[in-house]
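Topology and contacts: notes
This is what each chain is made of:
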Amino acid sequence: MESPRPLIVGNWKMHTTLREAQKLSESIVHGAKQFRSQVVLCPPLPWLVSVAEETKGTGVKIGVQDAAPGEFDAQTGNVSLGMIAPYTDYVILGHSERRLAGLDTDKTINAKVLDALKRGLTPIICVGEFIHLYENKRPRGRPRRIEAASNVVVQLRRALADVKRVDLKKIVIAYEPVWAIGGTEAATPEYAAKIIVRLRRTIARLGSKATAAVVPILYGGSVNPENAAALLSQKQIDGLLVGRASLKSDQFTAIVAACEEVR
Ligand code: PGA
């Protein structure tokens, strides 16, 4: 059986001018023609409609980096999932940059996940430990706050509270160890795969083994053209969430090409 195609998501964060976003999406669309991976671009919100226009009918999909649940409300400065739903397929939720800035909590992330599913959008739920927990055994005793908040299984369970079993099939999970984000050092493929096994087991417990087998679980954190193939060689890793390296079309397309060599 052919393995499912890799899912490669580019998170542009708060980068690019409108012109840069248009050029970037144009050249990625051009490069993506020869790929069988599912490519998703997540531009900054003001460029969403323009990038969506650029990718229309090309097979490249669009995601946003966050949005509030609901449609219309008196919330100054917020943009809702209802407003952006016609222009996007995916929505990144619970990114650690938002969690750390106090812009999201387990509760707000859960509300967004539920609303995204209601609107037919695919949530890309980010979880990741804030500090390197699993390699250094911590001393006995009560975990510190940051250690407790670093429990990726708890993060996932809280994000999925009240999600119907049938809807679990409609989510994507991104495992992003926070210490690996931002071009510092990527987790080793083996380490990432080990944590992903735990996340998949959690989905199996909440839903079923069959559901756990089809939910794509991505790795994110300092992905680049050099380490992409080794990460994707782990059969537990279904794709990548790419930050910095998604801002250069040649690097991003090289990542996709590297993944396809091993899948
Ligand atoms: P990075 O970002 O690839 O620049 O480490 C990944 C992310 O934050 O999603």
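Just so it is clear, the model here is predicted, and its values are computed rather than measured. (Residues numbered from 1 in each chain as written. Predicted model: local features only at pLDDT ≥ 70, side-chain atom pairs only at ≥ 80, totals over all residues. Heavy atoms only, no water.)

**A few points about the overall build of the chain**
Scanning the chain for helices and strands turns up 11 helices and 8 strands. In summary, the chain has a C-alpha radius of gyration of 18 Å against a globular reference of 18 Å for 263 residues, a match within 12%. Summarising its shape, the C-alpha atoms of the chain cover approximately 55 × 50 × 35 Å along the three principal directions. Expressed as a percentage of the 263 residues in the chain, the buried residues total 49%. Counting only contacts in the chain whose residues sit at least 6 apart along the sequence, the fraction spanning at least 24 positions is 71%. Charge separation in the chain, taken as the distance between the mean sites of 36 positive and 26 negative side-chain charges, equals 8 Å. (Helix = DSSP H or I, 4+ residues; strand = E, 2+ residues; numbered from the N terminus. Rg over C-alpha atoms; globule rule 2.2 N^0.38 Å. Buried < 20%, exposed > 50% of the residue type's maximum accessible area, 1.4 Å probe, protein only. Contact = heavy atoms within 4.5 Å. Lys, Arg positive; Asp, Glu negative; His and termini not counted. Charge placed at Lys NZ, Arg CZ, Asp CG, Glu CD.)

**Concerning the nonpolar core**
Residues Leu160, Ile173, Tyr175, Tyr219, Leu240 and Ile255 are the most contacted members of the largest nonpolar core, which totals 63 residues. When residues in this core are grouped by element, the largest group, 6 residues, is from helix H8 (residues 189-206). The residues touching Ile173, leaving out its near neighbours within four places in the chain, are Ile125, Val127, Leu156, Leu199, Ile203, Val215, Pro216, Ile217 and Leu218. Of all hydrophobic cores here, the second largest spans 12 residues; its members include Val9, Ile92, Val172 and Ala174. (Core = buried A, V, L, I, M, F, W, Y, C linked by side-chain atoms within 4.5 Å.)

**Quick word on the packing of helix H1 (residues 18-32) against helix H11 (residues 249-262)**
Packing of H1 against H11 brings their axes to within 9 Å, and their N-to-C directions diverge by 30°. Viewed along their axes, H1 and H11 adopt a mutual orientation that is roughly parallel. Judged by the twist between their axes, the crossing of H1 over H11 is right-handed. The segment H1 lies against H11, with Leu24, Ser27, Ile28 and Gly31 engaging Ser249, Phe252 and Thr253. Taken together, the residues that form the contact of H1 with H11 break down as 3 nonpolar, 4 polar and no charged. (Axes fitted to C-alpha atoms, helices over the stretch in contact; angles between N-to-C directions. Parallel < 35°, antiparallel > 145°, perpendicular 65-115°, else oblique. Left-handed = near helix turned anticlockwise from the far one by under 90°. Nonpolar A, V, L, I, M, F, W, Y, C, P; charged D, E, K, R; others polar.)

**Quick notes on the sheet that holds strand E7 (residues 217-220)**
A barrel is described by the order of its strands in space; here 8 strands give the closed sequence E1-E2-E3-E4-E5-E6-E7-E8, paired in parallel fashion. Adjacent strand axes in the sheet meet at a mean angle of 25°, parallel and antiparallel pairs treated alike. Across 2 bridges, strand E3 (residues 61-64) lies against strand E4 (residues 90-93) in parallel orientation. The residue bridging Gly63 from the neighbouring strand is Tyr90, located in E4. Its contacts with the sheet place helix H7 (residues 152-159) against strand E5 (122-127) and strand E6 (172-175), and it is angled at close to 150° to E5. The strands touched by H11 within the sheet are strand E1 (7-11), strand E2 (38-42) and strand E8 (239-242), with E1 carrying the most contacts at an inclination of about 165°. (Pairing = 2+ DSSP bridges.)

**Some thoughts on the side chain of Arg99**
Inspection of the secondary structure puts Arg99 in helix H4 (residues 96-100). Arg99 sits in the buried class, given a relative accessible area of 14%. Sequence-distant contacts of Arg99, defined by excluding residues within four places in its chain, comprise Gly94, Asp104, Asp106, Ile109, Cys126, Val127, Phe130 and Gln155.

**Here we look at the site of the ligand**
In the vicinity of the ligand there are 13 residues, among which Lys13, His95, Glu176, Gly182 and Ser222 approach most closely. Between the ligand and the protein, one listed contact pairs an oxygen atom with a backbone N or O atom of Gly243 at 2.9 Å. Considering the ligand on its own, with 280 Å² of exposed area, one finds that the protein chains cover 98% of that surface. Each residue belonging to the shell around the ligand can be placed in one class, and the counts come to 3 nonpolar, 7 polar and 3 charged. (Near = heavy atom within 4 Å. Polar contact = N/O pair within 3.5 Å; in protein donor to acceptor, adjacent residues only side chain to side chain. Areas by Shrake-Rupley, 256 points an atom, 1.4 Å probe, with all protein chains shown as cover.)

**Here we look at helix H2 (residues 48-55)**
If you check which residues of H2 are buried, you get Leu48, Val51, Ala52 and Thr55. The buried residues of H2 occupy an angular sector of 105° when the element is viewed end-on, so they sit on one face. Turning to H2, the residues buried within the fold contact H1, E2, E3 and helix H3 (81-84). Positioned one or two residues after H2, Gly57 has a phi angle of 70°, which is positive. (Arc of directions from axis to C-beta.)

**Overview of the pairing of E6**
Of the two faces of E6, the one carrying Val172 and Ala174 and the one carrying Ile173 and Tyr175 are both buried. Examined bridge by bridge, E6 and E7 share 3 bridges and lie parallel to one another. Pairing of Ile173 across the sheet is with Ile217, part of E7.

**Quick look at the packing of aromatic side chains**
Within this structure, the stated rule accounts for 2 aromatic pairs. With a centroid separation of 5.6 Å and an interplanar angle of 70°, the aromatic rings of Trp179 and Tyr191 are classed as edge-to-face. Of the two residues, Trp179 is situated in the loop between E6 and H8 and Tyr191 in helix H8; the sequence distance between them amounts to 12 residues. Just as Trp179 is buried, Tyr191 falls in that class too. (Phe/Tyr/Trp six-rings, centres within 6.5 Å; stacked < 30°, edge-to-face > 60°.)

**Things to note about unusual backbone geometry**
The backbone phi angle of Thr16 is positive, close to 85°, even though this residue is not glycine. Following the sequence through the fold, Thr16 ends up in the loop between E1 and H1. Within the chain, Asp162 stands out as a residue other than glycine whose phi angle is a positive 70°. With respect to the helices and strands, the residue Asp162 is situated in the loop between H7 and E6. Residue classification places Asp162 among the exposed positions, given a relative accessible area of 68%.

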